[in-house]
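The chain contents come next:
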Amino acid sequence: MEWDSLWFNGHAATMAPVGTVRDAALAVKDGRIAWVGPRADLPEGAAREVHDLGGRWVTPGLIDCHTHLVFGGNRAREFEMRLKGASYEDIARAGGGIVSTVAATRQAGEEGLVASAAGRLERLLAEGVTVVEVKSGYGLDLATERAMLRAARRLGEQYGVTVRTTCLAAHAVPPEFTGRPDAYIDLVCEEILPALAAEGLVDAVDAFCERIAFTPEQTARVFDAARRLNLPVKLHADQLSDGGGAALAARYGALSADHVEHTGEDGVRAMAEAGTVAVLLPGAFYTLRETKLPPVELFRKHGVPMAVATDCNPGTSPAVSLLLMLNMACTLFRLTPQEALAGVTRNAAKALGMAETHGTLEAGKAADFAVWDVGDPAELCYWLGANPCVGVVRGGMTRS
Ligand code: NIG
Ligand code: FE
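Computed from a prediction, not measured in an experiment: that's the story for all the values here. (Residues numbered from 1 in each chain as written. Chains lettered and ligands numbered in written order. Predicted model: local features only at pLDDT ≥ 70, side-chain atom pairs only at ≥ 80, totals over all residues. Heavy atoms only, no water.)

Caption draft 1: Expanded view of the site of ligand 1. Around ligand 1 sit 15 residues, and of these Arg75, Tyr88, Tyr138, Gln239 and Thr316 come closest. One nitrogen or oxygen atom from the side chain of Gln239 is found 2.8 Å from a nitrogen atom belonging to ligand 1. In this structure, Thr316 approaches ligand 1 through a side-chain N or O atom, which is 2.6 Å from an oxygen atom. Comparing atom positions with the cavity grids shows ligand 1 to sit within the largest cavity. (Near = heavy atom within 4 Å. Polar contact = N/O pair within 3.5 Å; in protein donor to acceptor, adjacent residues only side chain to side chain. 1 Å grid on protein atoms, 1.4 Å probe; cavity = no way out; pocket = protein on both sides within 12 Å on 5 of 7 lines; lining within 4 Å. Sits in = over half its atoms within 2 Å of the grid points.)

What follows is the structure, encoded as structure tokens:
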């Protein structure tokens, strides 16, 4: 057999049904995993490049399945206000919050958006991330929503990383539609979504269903529009209150319901039936000093897959470390390290509709993997502020 590269003398946390393979070998051909398993079983073959892992660990490339990586400005001022006692909802109602980032994003221009997001992306990539989802939602008009999605796609090309773009035009009511949320939803459904979908910029559609954002009825209209365009949906659901968001998402066969701290058992059951992934966002939970924990025990009981992501955004989760989120998912939400790791690999791929091609180390899947200088994969969840990533391969190409 002829391979492009061969990796041996390490251990593989495959995240596939075979689990951990000690003293593994992994062969890459044409950007895909050609073979992975115990080194002793490696078929005869030759590789153009051979890499000795020196006893280190290999995992699938990490997948950050929920980010708002592209935005203008930042909200450090609001951080200070919240430290003095103002709540996230108070600030949003007083005209701050998401709409203040909208103003900065409209000002930034596509070039400015690419430049400011690049630094954040580099930090994610340095920690073994190989797939990043990026949402729009700080433009809230056609031109700026387009600029955000184009910026995200350009970053993917520039850095050789898989970027999935999600249109979150239904994130907040833009200032020019104050008091007329339904008119804005009309614009989203009739103009913004169809135009951006026709330009090929939309992999999925998201909305913010919450008392400070859109009602379940308005959210359903956005989902109906997505359905007409044949686009999968996901939802910011039950973050600050139980508005039935997770159940609504499940009714539309959503890829994921995200945040879900306030989701009750009915919602969890509906997610299980629909195969909707629960995306847990411990960075937002921590930043907002939330006290209502997501119903992890119910997700386990009903077999809802759990993913973990940064939610990188300027308001509720200025997080640029997926490894830190692994730690928080364990310490704050009591996920096991194995669950947390599945949350940034296998289940994160499922939350993006990419389970067929990404998220595990298996023959035929994308050759996206990371090499870690650790004695056990649980260390990826254990260290605070350390980065044991010593190598990343994306699409079969060695990146560091
Ligand atoms: O995921 N919940 C809504 N959207 C973001 C916050 C956006 C912002 O505050 O800028 C989130 O938490
Ligand atoms: Fe979010």
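What follows continues from the structure just given.
Caption draft 2: Highlighting the layout of surface pockets. Roughly 650 Å³ of internal volume is contained in the largest pocket. At the level of elements, helix 1 (76–83), helix 2 (88–93), helix 9 (282–287) and helix 11 (322–331) are the ones that each hand at least two residues to the lining of the largest pocket. Per element, the largest residue contribution to the lining of the largest pocket is 4 residues, and it comes from helix 1. Of the pockets and cavities examined, the second largest pocket occupies roughly 420 Å³. (Points joined across faces, edges and corners; volume = space filled by probe spheres on them. Helix = DSSP H or I, 4+ residues; strand = E, 2+ residues; numbered from the N terminus.)

Caption draft 3: Quick peek at the coordination of the iron ion (ligand 2). His66 (NE2), His68 (NE2), His236 (NE2) and Asp311 (OD) make up the full set of protein donors to the iron ion (ligand 2), lying at 2.1 to 2.3 Å. Binding-site remark: the iron ion (ligand 2) is held by donors from one chain whose sequence spacing is H-x1-H-x167-H-x74-D. Taken together, the residues His236 in strand 10 (residues 234–237) and Asp311 in the loop between strand 13 (306–308) and helix 11 connect sequence positions 75 residues apart. (Donors = N, O, S within 2.8 Å, 3.2 Å for Na, K, Ca; no water.)

Caption draft 4: Quick look at the sheet that holds strand 9 (residues 204–209). Here 8 strands make up an open sheet; going across it, the order is 6-7-8-9-10-11-12-13 and the pairing parallel. In this open sheet, the two strands that pair with only one neighbour each are strand 6 (62–64) and strand 13. Ignoring strand direction, the axes of neighbouring strands in this sheet form an average angle of 25°. The pairing of strand 9 with strand 10 spans 2 bridges and is parallel. Bridged to Phe208 within strand 10 is His236. Most of the contacts of helix 4 (residues 142–159) go to strand 8 (residues 162–170), to which it runs at about 170°, and overall it touches strand 7 (129–135) and strand 8. Packed onto the sheet, helix 5 (residues 181–198) meets strand 8 and strand 9 and runs at close to 155° relative to strand 8. (Pairing = 2+ DSSP bridges. Axes fitted to C-alpha atoms, helices over the stretch in contact; angles between N-to-C directions. Contact = heavy atoms within 4.5 Å.)

Caption draft 5: Up close: the side chain of Arg394. Tracing the chain through its elements places Arg394 in strand 15 (residues 389–394). Although Arg394 lies buried, it forms no salt bridge, and the closest oppositely charged side chain, Asp368, sits 6.8 Å away as judged by the N-O distance. Among the polar contacts listed, one links the side chain of Arg394 to the backbone oxygen of Tyr159, at a separation of 2.8 Å. With residues up to four places along the chain from it excluded, the contact list for Arg394 reads Leu125, Val129, Thr130, Tyr159, Gly160, Val161, Ala367, Asp368 and Arg399. (Buried < 20%, exposed > 50% of the residue type's maximum accessible area, 1.4 Å probe, protein only. Lys, Arg positive; Asp, Glu negative; His and termini not counted. Salt bridge = Lys/Arg side-chain N within 4 Å of Asp/Glu carboxyl O.)

Function cannot be inferred from these measures alone, as they are strictly geometric.
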